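Listed below are the residues making up each chain.
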Amino acid sequence: MSWQSVCAEEAVREGAPVIVTIGRREVGIIRHGEKLHAVLNFCPHAGAPIARGRVEALVIADEPGSRARVDCEQAVLRCPWHHWEFDLTTGESLCPIKPRIKIFPLKVEEGQVWIDA
Amino acid sequence: MQPLIDCDVHQPNPSPDQWLQYLAEPYRSEFARHGLRSISSGIRCEDGGNRWDLKEERNGLTLNDPGFYSQQLLDAYGHRFALLSGNNSPIAGIPDPDYVAAICSALNDFYVEQWLPQDERFLLAIKIPLQDPQLAVREIERFAGAKQVAAVSFFATANRIAFGERYYWPIYEACQRHNLPLHMHPSTTATIANAAMTPAGQAATYLESHVCMPQFYMAQVASMVLNGVFAKFERLKVMLVEGGVCWLPHLLWRMDAEFKGLRHEAPYLKRMPSEYVREHVRLTTQPIEEPAKTEHLLQMFEMIHADEILMYASDFPHWDFDEPTKLPKALGETTLRRILRDNAAEFLNLPALQSAEPALV
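The following paragraphs examine the structure supplied in this document. (Residues numbered from 1 in each chain as written. Chains lettered and ligands numbered in written order. Predicted model: local features only at pLDDT ≥ 70, side-chain atom pairs only at ≥ 80, totals over all residues.)

1. Focus: the overall build of chain B
Right, so step 1: The secondary structure content of chain B amounts to 14 helices and eight strands.
Right, so step 2: The globule rule puts the C-alpha radius of gyration for 361 residues at 21 Å, and the 20 Å found for chain B is close to it.
Right, so step 3: C-alpha atoms of chain B, sized along the principal axes, occupy 55 × 45 × 40 Å.
Right, so step 4: Across the 361 residues of chain B, 46% fall into the buried class.
Right, so step 5: Considering only intrachain contacts with a sequence separation of at least 6, the fraction spanning at least 24 residues in chain B is 82%. (Helix = DSSP H or I, 4+ residues; strand = E, 2+ residues; numbered from the N terminus. Rg over C-alpha atoms; globule rule 2.2 N^0.38 Å. Buried ≥ 20, exposed ≤ 12 C-beta atoms within 10 Å, placed from the backbone. Contact = placed C-beta atoms within 7 Å.)

See the structure below:
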């Protein structure tokens, strides 16, 4: 792992991830509001390019029979192929299962995106 | 002979002279004049539904006598308990909730007074009018805590609203509060009231409708799990009777797989769908599937954790009755004991049987 500059911050637009190749791995740089996230472009389910999926707010409900609502603070990345959901901050599945996506540390310095990959 | 628990035994409908005193007016007069209301799909149940060899009198008793059941089933096979589930045809699919509630009450009163005292091994699944959940709850309250009342009967193939819907939740709340499991049983095939008896449409014959019975259970389980019934009612217990067992792995795998991508449509589920089934749902064995190779059945049993979720049922005296020996011996002594006795003892709150008793094979 080492920090490397991958793209300009302004190049990453909502709904339009930047895909970069680092060694033999593809990493998706994804925007959710003001925040950027770096994700290994590989879904643990079926190997789909998950960075091409959708970023959505988390849908939650307190209990059965209560109305569902959204938590806009928590970003969820949904895979483009089978729509599995992963927490974009932690990489964990929203379902109680083990598979998770790989999240890389990311920082922005002087308009440039750096990831530790 | 080993003690076992039989989760599905069909005592007959009472004869009019036995029953009229229990039926409230105005339905008593109606019944005396016209008999029971009925609804028919146009399919004839296999020759009345009973084993042909039980038509004759035995030891001075007939199928209308509780003693016949004690002798020909309980004594013959070593039953410790038999759950009497009666017959759904007088109530399943009948549209008038007040009428159905009166019929349920009369049937329940009759069996509690006339059958249960005849043999302490008899347990009863009471009938409730699914056509009106409030009346259903009232009937549950009437019998909650009654000796030998062990379950609440659901006619599972003649409902017009799927069992996961909130319509039924007052019933589930009452069952949970009184620790009474649900006994889901197909309604008599000849009286299925749905517009479509299978997802494909109307079944043409008894053969076709009987083969397709598991499809009802697949839909009901999916409805209950995915609408959050078991997440809401954490102590609710459901037994699925007479619908086979080998369909279950497919449903569990499919629910889990789909949930991973569509969780947002059931965000109140905190566990995987299959986990709710394993904790809350039990299946009875009869009519057990009959693959050409027994090893295939054993593989299916392993997939569904049969040692936890299967419970023996004979379906006596119906034509497709299964003896306890129908279960493969290759399951092993421990699993057989759990299927034939221990799982039902736990499920029906019969703790006295959970302690060690002789092996069952």
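Picking up where we left off.
2. A few points about the overall build of chain A
Right, so step 1: Looking only at helices and strands, one finds zero helices and ten strands in chain A.
Right, so step 2: Beginning at the N terminus, the succession of helices and strands in chain A can be written as β-β-β-β-β-β-β-β-β-β.
Right, so step 3: In summary, chain A has a C-alpha radius of gyration of 15 Å against a globular reference of 13 Å for 117 residues, a match within 12%.
Right, so step 4: Over its C-alpha atoms, taken along the principal directions, chain A stretches across nearly 50 × 30 × 20 Å.
Right, so step 5: Counting every position in chain A, which comprises 117 residues, the buried fraction comes to 29%.
Right, so step 6: Partitioning the contacts of chain A with sequence separation of at least 6, the portion at a separation of at least 24 is 44%.

3. Brief notes about the sheet that holds strand 7 (residues 281–284) of chain B
Residues and elements named next belong to chain B.
Right, so step 1: Pairing is parallel in the open sheet, where eight strands are placed in the order 1-2-3-4-5-6-7-8. Sheet topology places strand 1 (4–9) and strand 8 (310–311) at the edges, where each strand pairs with a single neighbour.
Right, so step 2: As judged from the three bridges shared by strand 6 (residues 238–240) and strand 7, these two strands associate in the parallel manner. Paired with leucine 240 across the two strands is leucine 283, which belongs to strand 7. (Pairing = 2+ DSSP bridges.)

4. Some details on unusual backbone geometry
Leaving glycine aside, a negative phi is the common case for residues, and trans is the common case for peptide bonds.
Right, so step 1: A cis geometry characterises the amide bond from glutamine 286 of chain B onward to proline 287 of chain B, with omega recorded as -10°.
Right, so step 2: On the secondary structure map, proline 287 of chain B appears in the loop between strand 7 and helix 12 (294–303).
Right, so step 3: Between phenylalanine 316 of chain B and the following residue, proline 317 of chain B, the backbone shows a cis peptide bond with an omega angle of 0°.
Right, so step 4: Tracing the backbone shows proline 317 of chain B in the loop between strand 8 and helix 14 (333–347).
Right, so step 5: Although it is not a glycine, glutamate 110 of chain A sits at a positive phi angle of roughly 50°.
Right, so step 6: Here glutamate 110 of chain A is to be found in the loop between strand 9 (106–109) and strand 10 (112–116).
Right, so step 7: Of note in the backbone geometry, asparagine 59 of chain B takes a positive phi value of approximately 50° without being a glycine.
Right, so step 8: With respect to the helices and strands, asparagine 59 of chain B occurs in the loop between helix 2 (27–34) and helix 3 (66–77).
Right, so step 9: Exposure remark for asparagine 59 of chain B: the 9 C-beta atoms within 10 Å place this residue in the exposed category.

5. Description of the environment of glutamine 134 of chain B
Right, so step 1: Within the fold, glutamine 134 of chain B resides in helix 5 (residues 133–143).
Right, so step 2: C-alpha of glutamine 134 of chain B to C-alpha of isoleucine 171 of chain B: the two residues are 37 residues apart in sequence and 7.7 Å apart in space.

6. A look at the environment of glycine 47 of chain A
All names here are of chain A.
Right, so step 1: Along the polypeptide, glycine 47 turns up in the loop between strand 4 (35–40) and strand 5 (54–60).
Right, so step 2: We classify glycine 47 as exposed; it has 10 C-beta atoms within 10 Å.
Right, so step 3: On a C-alpha basis, the gap between glycine 47 and cysteine 79 in space is 9.9 Å, while along the polypeptide they are 32 residues apart.

7. Quick look at the packing of helix 8 (residues 213–226) of chain B against helix 11 (residues 273–280) of chain B
Residues and elements named next belong to chain B.
Right, so step 1: Between helix 8 and helix 11, the shortest axis-to-axis distance is 10 Å and the interhelical angle comes to 105°. It follows that helix 8 is roughly perpendicular to helix 11 by the angle criterion. Within the contact between the two elements, helix 8 uses Val221, Val225 and Leu226 and helix 11 uses Pro273, Tyr276 and Val277.
Right, so step 2: Taken together, the residues that form the contact of helix 8 with helix 11 break down as six nonpolar, no polar and no charged. (Axes fitted to C-alpha atoms, helices over the stretch in contact; angles between N-to-C directions. Parallel < 35°, antiparallel > 145°, perpendicular 65-115°, else oblique. Nonpolar A, V, L, I, M, F, W, Y, C, P; charged D, E, K, R; others polar.)

8. Focus: the sheet that holds strand 7 (residues 85–87) of chain A
Residue and element names in this part refer to chain A.
Right, so step 1: One open sheet holds the three strands; their spatial order is 5-6-7, and the pairing between them is antiparallel. Among the strands making up the open sheet, the edge pair consists of strand 5 and strand 7. Strand after strand, the sheet turns through a mean of 60° between neighbouring axes, direction not considered.
Right, so step 2: Here strand 6 (residues 69–78) runs beside strand 7; their pairing, made up of three bridges, is antiparallel. By the bridge assignment, valine 76 is partnered in strand 7 with aspartate 87.

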